[in-house]
Amino acid sequence: MSHPCSLRHFSSLGITTALAVTLGACASSGPRGPSEKVIDRVLASAPGEAQPSTIVSTEIAYAKAARQDGLGAAMAEYAAPGAQIHTGDGLVPAQAGAITKEQWAPRVVVKSCDGSLALSQGRFADATGKVGNYITTWQRQPEGDFKWSYEVSGLDDPQPPPRKQFEDGDIVVTALDVVKGLIATCPREGEPTPPPPPIPVGEGGASAAQTSRDGTLRWRWEQREGGTKYVTAEYYFQGKWVTAIEESLASPSE
């Protein structure tokens, strides 16, 4: 009998923790996240409010609610007021019909030092089995929980070849499944955070940027030619600004 498994790896402030996670169906084409039991043991050394594991656990809970209760009900619970989805035609109000994700799991989480703002980047599969990348912006609410305010996704082009179907008796060995936790460096007491680098001139479409309250994380989106959606996120880390996420995504319908 096959025993597929995956090693899930989280990194924060130079401290690395590796956890073995049995996923049960590693040969499946859909992305899968770590189990709820693993989340409490991940990134235990990350400081206070800046725990990237809170975003990972929220993503898992959101995806689970979407499967069990339907995407519309899950969005009502996890979308922030005024949440928007970036489509090939620009931003639209959050609505279940504008989201093509059927199952998903984060691969990168970047968070401001004060923990007020975070972005997750990961892999998703749609209802037809096609796969691609997504990015979600998360904002901490007054009650302390996180809700998403922006989401964008795009299918791989071309799509990866189908995974080989294994028969009973085969031993399945999967690649490392990596989730990175990136936390911005807190400025020293009494010292302001150096401003991020100037935003380069875009490619002619609509765009917007947002910076965390403490000034340690900035992200922005652009609407580019042909319905391409561009997103980048930079965070302040050990005295300099570092690019954590940069994606150009085609419209899911293309």
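Residues numbered from 1 in each chain as written. Predicted model: local features only at pLDDT ≥ 70, side-chain atom pairs only at ≥ 80, totals over all residues. Heavy atoms only, no water.

Draft legend 1. Representation of helix H2 (residues 52–69) in the model. Taking 1.5 Å per residue, 18 residues should reach 26 Å; H2 reaches 26 Å between its end C-alpha atoms and fits that length. By the burial criterion, the buried members of H2 are Pro52, Ser53, Ile55, Val56, Thr58, Glu59, Ile60, Tyr62, Ala63, Ala65 and Ala66. A positive backbone phi angle near 95° is found at Gly70, which sits one or two residues after H2. (Helix = DSSP H or I, 4+ residues; strand = E, 2+ residues; numbered from the N terminus. Expected span 1.5 Å × (residues − 1). Buried < 20%, exposed > 50% of the residue type's maximum accessible area, 1.4 Å probe, protein only.)

Draft legend 2. Main features of the state of the cysteines. Evaluation of the coordinates by the stated rule reveals one disulfide. One disulfide in the model links Cys113 with Cys186; its S-S distance is 1.7 Å. Across the disulfide from Cys113 to Cys186, rotation about the S-S bond amounts to roughly 90°, and the bridge is consequently right-handed. On the criterion of sequence distance, the pair formed by Cys113 in the loop between strand S5 (103–111) and strand S6 (117–125) and Cys186 in the loop between strand S10 (180–183) and strand S11 (207–211) is long-range, its members being 73 residues apart. On the basis of relative accessibility, which here comes to 13%, the residue Cys113 falls in the buried class. (Disulfide = S-S within 2.5 Å.)

Draft legend 3. Up close: the sheet that holds S6. Strand order across the open sheet formed by seven strands is S4-S3-S8-S7-S6-S5-S10, with mixed pairing between neighbours. Edge positions in the open sheet fall to strand S4 (90–93) and S10, since each of these has one partner strand only. Averaged over neighbouring strand pairs, the angle between their axes works out to 25° when direction is ignored. By the bridge criterion, four bridges tie strand S3 (residues 79–87) to strand S8 (residues 146–155) in an arrangement that is parallel. Within the sheet, the bridge partner assigned to Ile85 lies in S8 and is Glu151. (Pairing = 2+ DSSP bridges. Axes fitted to C-alpha atoms, helices over the stretch in contact; angles between N-to-C directions.)

Draft legend 4. Spotlight on helix H3 (residues 71–78). Taken as a whole, H3 has its buried residues at Leu71, Ala74, Met75 and Tyr78. For H3, the buried positions fall inside an angular range of 100° around the axis, keeping them on one side. In this structure, the buried side of H3 is in contact with H2, S3, strand S7 (131–140) and S8. (Arc of directions from axis to C-beta. Contact = heavy atoms within 4.5 Å.)

Draft legend 5. Local environment of the packing of aromatic side chains. The final tally for this structure, using the stated rule, is six aromatic pairs. Geometrically, the ring pair formed by Tyr62 and Tyr78 is tilted, given 5.2 Å between the ring centres and 35° between the ring planes. Of the two residues, Tyr62 sits in helix H2 while Tyr78 sits in helix H3, which places them 16 residues apart along the sequence. Like Tyr62, the residue Tyr78 is buried in the burial classification. An aromatic cluster is defined as three or more aromatic residues linked by ring pairs; in this entry it consists of Tyr62, Tyr78, Trp104 and Trp138. Seen from the ring of Tyr134, Lys101 lies directly overhead, with NZ or CZ sitting 4.3 Å from the centre. (Phe/Tyr/Trp six-rings, centres within 6.5 Å; stacked < 30°, edge-to-face > 60°. Lys NZ or Arg CZ within 6 Å of the ring centre and 35° of its normal.)

Draft legend 6. Local environment of the pattern of salt bridges. Taken as a whole and judged by the stated rule, the model has five salt bridges. Of the charged contacts, one joins Lys101 and Glu151 as a salt bridge, the two residues approaching to 3.2 Å between their closest N and O atoms. Linking Lys101 in the loop between S4 and S5 with Glu151 in strand S8, this pair joins segments that are 50 residues apart in sequence. Across the pair, exposure class does not vary: Lys101 and Glu151 are buried alike. Close ionic contact of Arg220 with Glu222 constitutes a salt bridge, the shortest N to O distance being 2.7 Å. In this structure Arg220 comes out as buried when scored by relative accessible area, which is 7%. (Salt bridge = Lys/Arg side-chain N within 4 Å of Asp/Glu carboxyl O.)

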